[in-house]
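# Structural overview for review
Each chain, written out:
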Amino acid sequence: MTRPQPGDYPPFYARYVNLAPEEDVAGAMLAQTPLTRTAILKFADRPDHRYATDKWSVKQVVGHMADTERVFGFRALWFARADPSALPGFEQDDWMAASGFSTQTLEDLLVGFEAARASNRLMLRQLAPEAWARQGSANGHPFTVRAYAHGMLGHERAHLRILAERYT
């Protein structure tokens, strides 16, 4: 598999793709799993902590990571299967308002993320080589499967960085 090229995704998505420089993105996802668990569980004693009143809690960040993992994985599968239908966007703040993450445990939210990640990792490992370059439209922008694969890993890393830098 080759890394995504700039034409594989819109410019705003580069922040995620650039955080996942590996060629073997499925292998990197597997290696990232214990690191993510360790990073999240550093907040086990303060899962409702926010670094500012208008920012998400730790639990909400983890729930958002799981939601995004599921959406990006669905989009990657949709495009891999060469479905020509355009996919809608999702507004993260609207999803957060309807999520109920604050009533869930940090462990349950983390397990949900890990389950979504494991499913996506296996899906990516099973793709035919030609599927990685297939393209579709989501939220009015073109994306390839390989862009979403790297984006999943990069999105996770972006939020782990935010947690480490702003929540401690």
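Placed above this text is the structure.
Residues numbered from 1 in each chain as written. Predicted model: local features only at pLDDT ≥ 70, side-chain atom pairs only at ≥ 80, totals over all residues. Heavy atoms only, no water.

## Some thoughts on the overall build of the protein
Broken down by element type, the protein carries six helices and two strands. Reading the protein from its N terminus to its C terminus gives the helix and strand order α-α-α-α-α-β-β-α. Whereas a compact globule of 168 residues would reach a radius of gyration of roughly 15 Å, the protein reaches 16 Å, a difference of no more than 12%. Taking the principal axes of its C-alpha atoms as reference, the protein extends roughly 45 × 30 × 25 Å. Here the protein holds 168 residues, and 48% of them are scored as buried. The contacts in the protein between residues at least 6 apart in sequence include a share of 78% that link residues at least 24 apart. By element, 55% of the accessible surface of the protein is carried by carbon and sulfur atoms, the whole surface being about 8,300 Å². When the 19 basic and 19 acidic side-chain charges of the protein are each reduced to a single mean position, those positions are 3 Å apart. (Helix = DSSP H or I, 4+ residues; strand = E, 2+ residues; numbered from the N terminus. Rg over C-alpha atoms; globule rule 2.2 N^0.38 Å. Buried < 20%, exposed > 50% of the residue type's maximum accessible area, 1.4 Å probe, protein only. Contact = heavy atoms within 4.5 Å. Areas by Shrake-Rupley, 256 points an atom, 1.4 Å probe, with all protein chains shown as cover. Lys, Arg positive; Asp, Glu negative; His and termini not counted. Charge placed at Lys NZ, Arg CZ, Asp CG, Glu CD.)

## Focus on the pairing of strand β2 (residues 141-144)
Note: strand β1 (residues 135-138) against β2, four bridges, orientation antiparallel. Looking at the pairing, S137 lines up with P142 of β2. Where β1 hands over to β2, the hairpin turn is made up of two residues, of which N139 adopts a positive phi near 55 degrees. (Pairing = 2+ DSSP bridges.)

## Examining helix α5 (residues 106-125)
The first and last C-alpha atoms of α5 sit 28 Å apart over 20 residues, in line with the 28 Å expected at 1.5 Å per residue. Buried within α5 we find L106, L109, L110, G112, F113, A116, R117, N120, R121, M123 and L124. Each buried residue of α5 sits inside an arc of 165 degrees when the element is viewed along its axis, so together they form one side. Counted as exposed and oriented over 90 degrees from the buried face of α5: D108 and R125. Buried positions along α5 lie against α2 (25-41), α3 (58-80) and α6 (145-166). (Expected span 1.5 Å × (residues − 1). Arc of directions from axis to C-beta.)

## With respect to the packing of aromatic side chains
Under the defined criterion, the tally for this structure stands at 12 aromatic pairs. An angle of 85 degrees between the planes, with centres 5.7 Å apart, marks the rings of Y13 and Y16 as edge-to-face. Comparing Y13 with Y16 shows no difference in burial state: the two are buried. Taken together, a centroid distance of 5.6 Å and an interplanar angle of 70 degrees make the contact between Y13 and Y148 edge-to-face. Within this pair, whereas Y13 is found in the segment before α1 (14-17), its partner Y148 is found in helix α6, the two being separated by 135 residues in sequence. Neither Y13 nor Y148 differs from the other in exposure class; each is buried. Through successive ring pairs, a cluster of aromatic residues spans Y9, Y13, Y16, F72, F79, F143 and Y148. (Phe/Tyr/Trp six-rings, centres within 6.5 Å; stacked < 30°, edge-to-face > 60°.)

## Observations regarding the pattern of salt bridges
Within the structure shown, the criterion is met by nine salt bridges. For the salt bridge of R117 with E156, the shortest nitrogen-to-oxygen distance reads 2.5 Å. Pair noted here: R117 is in helix α5 and E156 is in helix α6, with a separation of 39 residues, a long-range link. A relative accessible area of 2% means that R117 is categorised as buried. (Salt bridge = Lys/Arg side-chain N within 4 Å of Asp/Glu carboxyl O.)

## A word on the nonpolar core
In this structure, Y13, L124, L127 and Y148 are the most contacted members of the largest nonpolar core, which totals 30 residues. Of all the elements in the fold, those that place two or more residues in this core are α1, α2, α3, α5 and α6. Of all the elements, α6 adds the most residues to this core, at seven residues. Residues in contact with Y148, not counting those within four places in the same chain, are Y13, F72, R75, A76, F79, A138 and F143. (Core = buried A, V, L, I, M, F, W, Y, C linked by side-chain atoms within 4.5 Å.)

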